[in-house]
Amino acid sequence: MRVSVIGGGTITDEQAARAEAVGRELGARGHTVVCGGRGGTMAAVCRGAKAAGGTTIGILPSERREQANDYVDVAIATGLGHARNALVPLNGDAVIALTGGVGTLSEIGFAGIYDRPVVGLETHDVSELGIDHALEIEPVETPAAAVDAVEAALERRS
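Report follows, based on the coordinates. (Residues numbered from 1 in each chain as written. Predicted model: local features only at pLDDT ≥ 70, side-chain atom pairs only at ≥ 80, totals over all residues. Heavy atoms only, no water.)

### Here's the deal with the sheet that holds strand β4 (residues 74–77)
The strand order across the open sheet built from 7 strands is β4-β3-β2-β1-β5-β6-β7, with neighbouring strands paired in parallel fashion. Among the strands making up the open sheet, the edge pair consists of β4 and β7 (137–139). The sheet shows a mean angle of 25° between the axes of neighbouring strands, direction not considered. In the packing of helix α1 (residues 13–28) onto the sheet, contacts are made with β1 (2–6), β2 (32–35) and β5 (94–97), and the angle to β1 comes to roughly 180°. Strands β1, β5, β6 (118–120) and β7 of the sheet are contacted by helix α5 (residues 143–157), whose axis makes an angle of about 155° with β5. (Pairing = 2+ DSSP bridges. Helix = DSSP H or I, 4+ residues; strand = E, 2+ residues; numbered from the N terminus. Axes fitted to C-alpha atoms, helices over the stretch in contact; angles between N-to-C directions. Contact = heavy atoms within 4.5 Å.)

Following this line, the structure appears as structure tokens:
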């Protein structure tokens, strides 16, 4: 399956290690990583996926594929800027949300619009926003649990 991994473009070393571990777990299980293709969470998750033999897709905000991080296998230039945030969750079967800002929050919102299951690992808590059930985030504690949860969510849907 394809799993969209979303999170901040500027992150701490601890957050980078977490994102890389998510990528390694996805790659080791044969899943394709979809992300925004740039730095921070996106580079870390792609680095982890590639280290485990996985495939990565980067959906870039710019018109230039060469702006993708070094670990992106398939770079998709959009020229859409932040509007590309709609395309990241759309192109995954499920979403793993990591620490991030408003861009990550917008991608979580689009995941709800596209009815993608969302698993959260140190991410936004949307439970008190008064939004309907279409925007539930299943919280988990570890990278392995995040991948277990997206696999289980998709299994329930089939």
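### Comments concerning the side chain of S62
Checked against the element boundaries, S62 lands in the loop between β3 (56–60) and β4. Residues in contact with S62, not counting those within four places in the same chain, are Q67, A77, T78 and G79.

### Looking at the side chain of R18
Its place among the elements puts R18 in helix α1. Residue class for R18 comes out buried when judged on its relative accessible area of 17%. At 3.0 Å, the side chain of R18 and the side chain of E14 are in polar contact. Sequence-distant contacts of R18, defined by excluding residues within four places in its chain, comprise T99, L121, E122 and P143. (Buried < 20%, exposed > 50% of the residue type's maximum accessible area, 1.4 Å probe, protein only. Polar contact = N/O pair within 3.5 Å; in protein donor to acceptor, adjacent residues only side chain to side chain.)

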